[in-house]
Number of protein chains: 2
Amino acid sequence: MGLIRSWVESANGEDCPFPLNNLPCGVFSVSDDEPRCGVAIGDCVLDVARLEEAGLLALPGKPLLDVPFWNEVMGAGPAVWAALRDRLTALLAEGAPDRAAAEPFLHPLVDVSLHMPFLVSEYTDFYAGRNHAFNVGTMFRGPENALPPNWLHIPIGYNGRASSVVVSGTDVRRPWGQVKGPDHAVPSFQPSRRFDIELEMGAVVGTPSIGPVTVAEADDMIFGYVLLNDWSARDIQAWEYQPLGPFQAKATATTISPWIVMKAALEPFRTATPAREVPLLPYLNEPRPMLYDIALEVALQPEGGAETIIARTNYAEMYYSAPQQLAHHTTSGCAMNTGDLLGSGTISGPTKESRGSLLELSWGGKEPIAISGGTRTFIEDNDTLTLRGQCKGDGYTIGFGDCTGKVIPALADPYAR
Amino acid sequence: MGLIRSWVESANGEDCPFPLNNLPCGVFSVSDDEPRCGVAIGDCVLDVARLEEAGLLALPGKPLLDVPFWNEVMGAGPAVWAALRDRLTALLAEGAPDRAAAEPFLHPLVDVSLHMPFLVSEYTDFYAGRNHAFNVGTMFRGPENALPPNWLHIPIGYNGRASSVVVSGTDVRRPWGQVKGPDHAVPSFQPSRRFDIELEMGAVVGTPSIGPVTVAEADDMIFGYVLLNDWSARDIQAWEYQPLGPFQAKATATTISPWIVMKAALEPFRTATPAREVPLLPYLNEPRPMLYDIALEVALQPEGGAETIIARTNYAEMYYSAPQQLAHHTTSGCAMNTGDLLGSGTISGPTKESRGSLLELSWGGKEPIAISGGTRTFIEDNDTLTLRGQCKGDGYTIGFGDCTGKVIPALADPYAR
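Below is a short write-up of the structure. (Residues numbered from 1 in each chain as written. Chains lettered and ligands numbered in written order. Predicted model: local features only at pLDDT ≥ 70, side-chain atom pairs only at ≥ 80, totals over all residues. Heavy atoms only, no water.)

1. Thoughts on the side chain of Glu-200 of chain A
Residue and element names in this part refer to chain A. On the secondary structure map, Glu-200 appears in strand β13 (residues 199-205). A polar contact of 3.4 Å, which involves the side chain of Glu-200, links it to the backbone nitrogen of Ser-344. With near-sequence residues (within four places) excluded, Glu-200 lies in contact with Asp-125, Val-226, Leu-227, Leu-228, Asp-230, Gly-343, Ser-344, Gly-345, Thr-346, Ile-347 and Leu-387. (Helix = DSSP H or I, 4+ residues; strand = E, 2+ residues; numbered from the N terminus. Polar contact = N/O pair within 3.5 Å; in protein donor to acceptor, adjacent residues only side chain to side chain. Contact = heavy atoms within 4.5 Å.)

What follows is the structure in structure tokens.
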């Protein structure tokens with residue numbers, strides 16, 4: 001399938017991230033007006049909330065877009081998602097009869113502010129990138145014991161903190177925490193000195209479930225995908241994480257892209273997980289390809305300096321897919337809800353340039369990487385980190401919008417009031 | 001302070017769990033009517049939702065009880081909590097002038113169903129019982145390495161699954177999961193054979209926070225406490241938990257008592273945490289006693305059989321208090337919200353009879369314990385497990401209501417539809 005042409009001319013450029021093929025879901029506001037749901041098209045956002053209010057969307061049932069988040073649509077299920085896409089495609093396609101009615105609902109993207117696109121119910125973060133797990137395991141335990149024994153059998157993960165999730169553009173304050181280096185007898189409480197990113201994709205749960213679901217059912221439950229930066233304080237993590245896993249090291253912030261790309265837009269880019277190194281238990285088998293070919297990059301920009309791309313990789317590097325993770329998540333009977341967010345785990349490729357964290361890029365801080373005008377091991381104050389992702393179709397591009405955050409200095413005294 | 005006498009005569013008995021000193025918060029329904037907020041008094045529940053509707057509560061501001069959960073009150077802060085208690089005490093005290101107005105809002109407890117008392121925002125579970133950590137550590141690593149290196153410095157915890165939290169009386173279905181014993185080459189997918197309880201208290205966050213808070217501020221944020229059973233599949237946990245911590249082993253169910261006991265009711269029972277074995281970092285120091293003297297017990301009843309009390313202990317056995325846990329939870333800047341639930345960790349005393357889990361009581365399944373008509377290592381199908389807690393005041397008792405759940409058999413095929 002090639003580009004679907006729109007009467008919004010800017011949407012027809014080969015490199016435009018928001019062609020009619022995409023229609024990603026966000027929440028926007030114009031000047032002082034209240035935030036509401038919108039869909040990106042070319043260099044504009046279409047105010048779908050007011051389109052619905054004006055009776056131009058004709059979705060079945062009660063209003064779904066009268067709230068400043070996409071959860072109502074997400075929970076309505078695949079038939080409604082498809083109906084919405086069909087209707088928006090008809091409204092925005094080249095030669096659409098309703099063009100004159102729709103046009104007043106467009107706002108230039110440069111004029112709007114973007115907000116959290118959905119309410120996060122719960123957030124789970126996985127550890128499903130083979131190269132990342134091998135790299136981190138090698139640093140801590142040596143290459144022969146790099147992968148934990150369960151790793152090739154379970155898409156292992158931990159529950160993260162939903163309250164940490166923020167939209168792209170939100171500043172991230174360097175955290176304080178309890179740390180203890182191997183050379184110190186007792187821990188200390190100080191600002192993190194090894195603050196890091198993790199390049200991930202996030203899967204957004206649409207339809208809820210009670211009880212175990214298959215991988216195919218899990219795929220059907222997913223509404224769409226976002227870029228996700230799982231900010232990580234490595235020094236806090238090293239001291240706290242045994243035996244219960246990461247906790248405060250991951251609770252400062254989790255930045256997501258402002259746009260949720262619906263699964264339908266990613267369909268042409270489906271690709272299979274790599275060959276299994278050991279057979280999986282049947283409940284984890286994939287009935288069809290469950291990953292996507294999404295080119296990813298990480299940019300680092302110091303305050304006032306030029307941006308350097310510090311990593312390039314692809315979502316197809318994952319060993320486990322989001323539907324496998326979601327299916328495993330339900331095995332115990334764990335109920336999943338609309339708005340649950342599943343982080344893929346850090347996406348690293350096989351080469352040094354394709355590593356999705358500074359921990360790996362600088363090999364635990366031992367090998368500083370070159371950036372424009374300097375070097376980095378971990379993040380320095382006032383650095384801006386940006387994740388980007390795109391799928392390249394036949395004459396068109398699918399984008400997520402930048403997933404960006406600037407790290408501002410730690411509080412001088414976290415308990416000063 | 002002694003018993004505060006009420007015109008609800010049943011509330012004045014020395015062993016009644018719901019005297020006027022208590023006033024715990026629940027959600028109830030009568031026959032087919034909708035669930036609403038109520039407060040237990042003697043052998044009755046007072047319909048505070050309809051009292052507010054009738055203008056008899058006179059709380060400041062907008063209605064707080066027009067929803068079937070306590071979150072609006074919880075989020076309104078300590079001044080509102082105190083005003084509500086004052087007003088309810090005035091309404092229900094012996095000789096109250098408003099007795100005739102209030103009496104129609106009482107329903108016998110035997111006639112009502114109890115529901116979840118609040119919406120759980122996020123759920124965090126800690127591991128802050130010294131004896132539990134030592135017992136479990138000894139089983140897995142030997143007594144010399146029993147406590148993890150961070151244990152005496154950090155109230156370690158992990159994020160649990162809010163969607164697992166259910167109210168007392170909800171059946172708990174034995175989960176399936178991926179397990180691998182040390183003698184097996186590959187894992188298998190099967191119903192858990194080592195399904196267990198964990199006897200805990202839960203702290204319920206009332207007022208929200210952004211950024212780090214002190215232990216004193218954390219105490220002020222807590223609305224009240226519940227009994228909490230952190231159901232745990234030990235065989236699933238053993239295989240999955242390294243290096244990211246417990247995940248599906250703890251996601252089947254987390255049962256809480258139907259009543260939240262407000263902090264004010266527990267005030268006379270405040271007691272200090274035990275002496276520190278090593279000094280804490282200043283941010284964790286307690287400005288005043290932060291635990292409570294709450295006698296706890298666990299009962300096991302097989303289907304059709306008699307109940308056996310299998311453990312007796314006390315909340316004062318904790319090494320870290322809930323305010324210490326909550327303060328630590330915020331160190332990274334993690335935002336806390338109204339309805340966040342913090343599990344204390346398993347509460348075990350120093351003796352064999354005071355251990356708060358079957359894992360410890362049966363020493364990893366090696367030493368079956370005697371129950372009425374048989375023995376147990378872990379939970380068998382159709383066993384009912386009940387946690388109870390009470391504070392003994394001068395002529396009165398503070399109770400939480402039973403925290404109970406029956407374990408029903410695993411699904412024959414979790415993927416049959």
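The structure having been displayed, the exposition proceeds.
2. Some remarks on the sheet that holds strand β3 (residues 44-46) of chain B
All names here are of chain B. Read from one edge of the open sheet, 5 strands run β4-β3-β2-β1-β5, paired in antiparallel fashion. For this open sheet the edge positions go to β4 (106-108) and β5 (112-115), each flanked by a neighbour on one side alone. Ignoring strand direction, the axes of neighbouring strands in this sheet form an average angle of 50 degrees. Here strand β2 (residues 36-41) runs beside β3; their pairing, made up of 3 bridges, is antiparallel. Pairing of Ala-40 across the sheet is with Val-45, part of β3. (Pairing = 2+ DSSP bridges. Axes fitted to C-alpha atoms, helices over the stretch in contact; angles between N-to-C directions.)

3. As for the sheet that holds strand β2 (residues 36-41) of chain A
Residue and element names in this part refer to chain A. The strand order across the open sheet formed by 5 strands is β4-β3-β2-β1-β5, and the pairing between neighbours is antiparallel. The strands lining the two open edges of the sheet, one partner per strand, are β4 (106-108) and β5 (112-115). Neighbour to neighbour, the strand axes of the sheet diverge by 50 degrees on average, direction disregarded. As judged from the 4 bridges shared by strand β1 (residues 25-30) and β2, these two strands associate in the antiparallel manner. Paired with Phe-28 across the strands is Arg-36, a residue of β2.

4. Comments concerning helix α5 (residues 130-141) of chain A
All names here are of chain A. Counted at 1.5 Å a residue, the expected span for α5 with its 12 residues is 16 Å, and the 16 Å between its end C-alpha atoms agrees. Within the span of α5, buried status applies to Asn-131, His-132, Ala-133, Asn-135, Val-136, Gly-137 and Thr-138. Turning to α5, the residues buried within the fold contact α10 (358-361). (Expected span 1.5 Å × (residues − 1). Buried < 20%, exposed > 50% of the residue type's maximum accessible area, 1.4 Å probe, protein only.)

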